[in-house]
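# Fold and geometry: a report
Residue-level listing of the chains:
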Amino acid sequence: MDLLQQFVHSELIRGLTTGDKALASFYITIMGMSITFVALCVLWGSVSLLSAIFKPGKKKKTVSQESPKVTLAAPDEMGGDDGEIISVIVAAIAATGNAPIHSFKVKSIIPTADRTPQWGRVGRIEQLTRTTKN
Amino acid sequence: MGHILSQFIESMGIVNLELGQVLMILVSFVLLYLGIKKQFEPLLLVPIAFGMFLTNLPLGGLMNDPAIHGSPGGLLWYFYQGDELGIFPPIIFMGVGAMTDFGPLIANPKSLLLGAAAQFGIFATFFGAIMLGFTGREAGSIGIIGGADGPTAIYLASRLAPKLLGPIAVAAYSYMALVPIIQPPIMRLLTTEKERKIRMAQLRPVSRTEKILFPIIVTLIVVLMLPPAAPLIGMLMLGNLFKECLVVNRLKDTVSNSLINIVTIFLGISVGASATAENFLNLQTIQIMVLGVLAFAIGTATGVLLAKLMNKLTGGKINPLIGSAGVSAVPMAARVSQKMGQKADPSNFLLMHAMGPNVAGVIGSAVAAGVFLALFK
């Protein structure tokens, strides 16, 4: 019986020598990886073909930010890690405008001055503290 | 009176508690701790750990097979039929498909190669398991742990080596939960600081037509090549079609919320319940745990190495950190790539780029499972 046929048989495999088992499992390792690669390469080719046919045109509806400035406030001023804040703002614009994140570019983020009265701020902090405690 | 009292005492669980059960209960407590306190994959670890806890309490009979112990059988035995018959994993895959955006993969289809490379851990571990004396069917089921895909591991083990289902499922889900601990040292070892700082070009937008056609084409190609992969790939892609076609939102919401949650409860608790002391506390389990982590580490390493090669071939356009995301574990593996990239350069965002190989890994591990099913059916 062929080595591989014997190998795939649960009962017959026990009769194989260690060398035979190593050889057969090596064959299967190479064969398995090759099949996986071939399958995914065929998918790569198909997806590329699909993209070539149905790729969206360059003229897409975009949501643009008007401000020409590219300055960013210091992280402390923005209240934390600036990268994280930019990601959150971009995600919020995408969600509100129902537009994919690739379709627009955020050029500027300028924090506005907080005009909340002092009493308002105290109230907000009290609310937050209460929620956290609960 | 004395006789009744002694009968009652004999029927108490505490009198029948064995050392193996005590050990398994302690293991379940450790898993509960990891799930609740450390929040390692709590949605999976909590039901798995509680299932393990319940099944090891003596005389509960929760996993009693009605054919052996008489009707009506244990509650969890009935849940377990969903694992053993290969019903739950494809349903979970349908939910995963409905939650997955294949856009980054369609925008950068080269990612599929990284998803394939990371599967090397599966086949290398298969080789190792054979050398340790496991049969081909068992070795394939153990190797698939390296795919870092719990439902695929459970599906394959239920088909090829049902006796090892408990330890394989526990190993697969535990290592998935430990992705942020296992992968970073390997990624650091195989990449330079300069490579980790590479910024990748923004991905192109993907049209709705591409997104709708993608699941149909993947199903067609993979199932025509590997028919045994049909339940996993078919359900994954059906879920994704629900998401992308935008006309069956109610179905999409159901499979990605209620259905996947219900099935996760049943699957988690019944997989945990299969880890009884007699099934779990043996040399094979230790071997499976060691082989599983090796599979994972090798898959991570080969993914990174292929990404390094692709980076060289493309003239420095690919950050090798995204290669490790090829071991499915969606989205934890992609998050690890993102975190590692940001450690090297805080303004570098690799998440979307890593999602490509990450979702390719899901397809890759289902294909690898199809290869084993075709070979050892």
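Residues numbered from 1 in each chain as written. Chains lettered and ligands numbered in written order. Predicted model: local features only at pLDDT ≥ 70, side-chain atom pairs only at ≥ 80, totals over all residues. Heavy atoms only, no water.

### Section: helix α16 (residues 208-225) of chain B
The terminal C-alpha atoms of α16(B) lie 26 Å apart, and with 18 residues this matches the ideal 26 Å at 1.5 Å per residue to within 8%. Where α16(B) bends most, the angle comes to about 30°, and this point is Phe214(B), followed within four residues by the proline Pro215(B). Within α16(B) the residues assigned to the buried category are Glu210(B), Lys211(B), Phe214(B), Pro215(B), Val218(B), Ile221(B) and Val222(B). Looking at the packing, one finds that the buried side of α16(B) touches α2 (18-54) of chain A together with α8 (103-107), α17 (230-245) and α22 (351-376) of chain B. (Helix = DSSP H or I, 4+ residues; strand = E, 2+ residues; numbered from the N terminus. Expected span 1.5 Å × (residues − 1). Bend = angle between axes of the 7 residues up to and from the residue. Buried < 20%, exposed > 50% of the residue type's maximum accessible area, 1.4 Å probe, protein only. Contact = heavy atoms within 4.5 Å.)

### Considering the pattern of salt bridges
Residue and element names in this part refer to chain B. Across all of its chains, the model carries seven salt bridges over all chains by this definition. Residue Asp101 pairs with Lys211 through a salt bridge whose shortest N-O separation is 3.2 Å. Placement of the pair is Asp101 in the loop between α7 (88-99) and α8 and Lys211 in helix α16, with a sequence separation of 110 residues. In this structure, the salt-bridge partner of Glu244 is Lys243, at a minimum N-O distance of 3.1 Å. Its relative accessible area of 8% is what places Glu244 among the buried residues. With a relative accessible area of 19%, Lys243 lands in the buried category. Several salt bridges share partner residues, and in doing so they unite Glu193, Arg196 and Lys197 into one network. (Salt bridge = Lys/Arg side-chain N within 4 Å of Asp/Glu carboxyl O.)

### Quick look at the nonpolar core
Ranked by size, the top nonpolar core spans 121 residues in total, and within it Phe7(A), Phe102(B), Ile142(B), Phe214(B) and Ile363(B) carry the most contacts. The element best represented in this core is α22(B), accounting for 14 residues. Not counting residues up to four positions away in its chain, the partners in contact with Ile142(B) are Ala129(B), Phe134(B), Leu164(B), Ile168(B), Ile288(B) and Leu291(B). (Core = buried A, V, L, I, M, F, W, Y, C linked by side-chain atoms within 4.5 Å.)

### Regarding the interface of chain B and chain A
The interface is formed by 46 residues belonging to chain B together with 37 residues belonging to chain A. Counting the surface lost from both chain B and chain A, the interface buries some 3600 Å², and carbon and sulfur atoms represent 82% of this. Across the chain B-chain A interface, the total number found is zero salt bridges. Taken together, the links from chain B to chain A amount to four residue pairs in polar contact (both at pLDDT 80 or more). In terms of residue count, α16(B) provides more of the side of chain B that touches chain A than any other element does, nine residues in total. Of the residues belonging to the side of chain B that touches chain A, the class tally is 33 nonpolar, nine polar and four charged. (Buried area = accessible area lost by both parts, 1.4 Å probe. Polar contact = N/O pair within 3.5 Å; in protein donor to acceptor, adjacent residues only side chain to side chain. Nonpolar A, V, L, I, M, F, W, Y, C, P; charged D, E, K, R; others polar.)

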